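# A look at the structure
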Amino acid sequence: MKKIIFISMPSPTLMRAPGFGVGGLFTHFREDKYMHAVQKEIDKHQLHWRFTSDTTESNIETLIAEGAELLVLAPGMRFMFYRKNFDKQRMVFLTTMEFMSNDVQPVMRKIREREDSEGLIR
């Protein structure tokens, strides 16, 4: 099962404590709804992906070590997440409208790209 991780808090950096930031506050009530909508679509197409919330406080080394295949970033997180050596092509940067309307297409499009690149979907 491939992992998709939803990032809603900024990476901890100098002068910014984990758990603080626009992303965490903004997404607090919507994160579960968005993740449920995406997972429902994944299950509908019988794909072997699991969408979960970040439990690492945006620690990129831990996310890589845990085998995250895709990272989905909440609106406003594009420049607040330290991605280090993580491939930008394996990241989805949600817009506010996509997130608030539970638009699953950006994530599903990226899953299809990943599956196509591996030759798993014909």
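So, a few notes on the structure that sits alongside this text. (Residues numbered from 1 in each chain as written. Predicted model: local features only at pLDDT ≥ 70, side-chain atom pairs only at ≥ 80, totals over all residues. Heavy atoms only, no water.)

### Notes on the overall build of the chain
For clarity, the threshold we go by: The secondary structure listing takes helices from DSSP runs of H or I that are at least 4 residues long and strands from runs of E that are at least 2 residues long, numbered from the N terminus. Three exposure classes are used, based on accessible area relative to the maximum for each residue type with a 1.4 Å probe and protein chains only: buried under 20%, partly exposed in between, and exposed over 50%. Any two residues whose heavy atoms approach within 4.5 Å at even a single point are treated as in contact.
Assigned secondary structure in the chain consists of five helices and four strands. Mapped in sequence order, the helices and strands of the chain form the string β-α-α-β-α-β-β-α-α. Per-residue burial for the chain yields a buried fraction of 44% across its 122 residues. Expressed as a percentage of contacts within the chain between residues at least 6 apart in sequence, the contacts between residues at least 24 apart total 63%.

### With respect to helix H5 (residues 105-117)
Residues spaced three or four apart along an α-helix face the same direction, because each turn holds 3.6 residues. How we decide: The span one expects for a helix is its residue count, reduced by one, times 1.5 Å.
Spanning 13 residues, H5 covers 18 Å between terminal C-alpha atoms, matching the ideal 18 Å at 1.5 Å per step. For H5, the complete set of buried residues consists of Pro106, Val107, Met108, Lys110, Ile111, Arg114 and Glu115. Of the surrounding elements, those touching the buried residues of H5 are strand E1 (2-7), helix H2 (31-44), strand E2 (49-53), strand E3 (68-73), strand E4 (91-93) and helix H4 (96-100).

### Some points on the packing of aromatic side chains
Where we set the bar: Working definition: a ring pair exists when centres of Phe, Tyr or Trp rings (six-membered ring for Trp) sit within 6.5 Å. Plane angles under 30 degrees give stacked, over 60 give edge-to-face, the rest tilted. Comment: the charge-over-ring label is applied if NZ (Lys) or CZ (Arg) is within 6 Å of the ring centre and within 35 degrees of the ring normal.
Scanning the entire structure with this criterion turns up five aromatic pairs. Aromatic pair phenylalanine 6 and phenylalanine 51: ring centres 6.1 Å apart, planes at 70°, arrangement edge-to-face. Taken together, the residues span a long stretch of sequence, with phenylalanine 6 in strand E1 and phenylalanine 51 in strand E2 at a distance of 45 residues. What makes phenylalanine 6 buried here is its relative accessible area of 0%. In this structure phenylalanine 51 comes out as buried when scored by relative accessible area, which is 3%. Between tyrosine 34 and phenylalanine 99 the ring centres are 5.6 Å apart and the planes differ by 45°, which places this aromatic pair in the tilted class. Of this pair, tyrosine 34 sits in helix H2 while phenylalanine 99 sits in helix H4, and the two are 65 residues apart along the sequence. As far as burial versus exposure is concerned, tyrosine 34 and phenylalanine 99 are alike and both buried. Counting every residue linked through ring pairs, the aromatic cluster contains Phe6, Tyr34, Phe51 and Phe99. Here the basic side chain of arginine 78 rests over the ring of phenylalanine 93, its NZ or CZ set 4.2 Å away from the ring centre.

### A closer look at the sheet that holds E2
Here is the rule we go by: Note: two strands are recorded as paired if DSSP finds a minimum of 2 bridges between them. Fitting a line to C-alpha atoms yields each axis, with helices limited to the stretch in contact; the angle taken between N-to-C directions then spans 0 to 180 degrees.
Taken in spatial order, the four strands make up an open sheet running E2-E1-E3-E4, and their pairing is parallel. The two strands at the open ends of the sheet, each matched to only one other strand, are E2 and E4. Going from strand to strand, the sheet's axes swing by 20° on average, the running direction of each strand aside. Bridging between E3 and E4 involves three bridges; their strand directions are parallel. Each residue of the ladder has a partner; that of leucine 73, found in E4, is phenylalanine 93. Contacting E1 and E2, H2 runs over the sheet at an angle of about 175° to E2. Its contacts with the sheet place H5 against E1, E2, E3 and E4, and it is angled at close to 155° to E3.

### Some points on the nonpolar core
What counts here: Residues grouped as a nonpolar core are buried Ala, Val, Leu, Ile, Met, Phe, Trp, Tyr and Cys residues, joined through side-chain atoms within 4.5 Å.
One finds Ile4, Phe6, Leu71 and Ile111 to be the most contacted residues of the largest nonpolar core, which totals 32 residues. Of all the secondary structure elements, the ones that give two or more residues to this core are E1, H2, E2, helix H3 (60-65), E3, E4 and H5. Those residues in contact with isoleucine 4, other than ones at most four positions away along the chain, are Ile42, Trp49, Arg50, Phe51, Thr52, Leu70, Val72, Val107 and Ile111.

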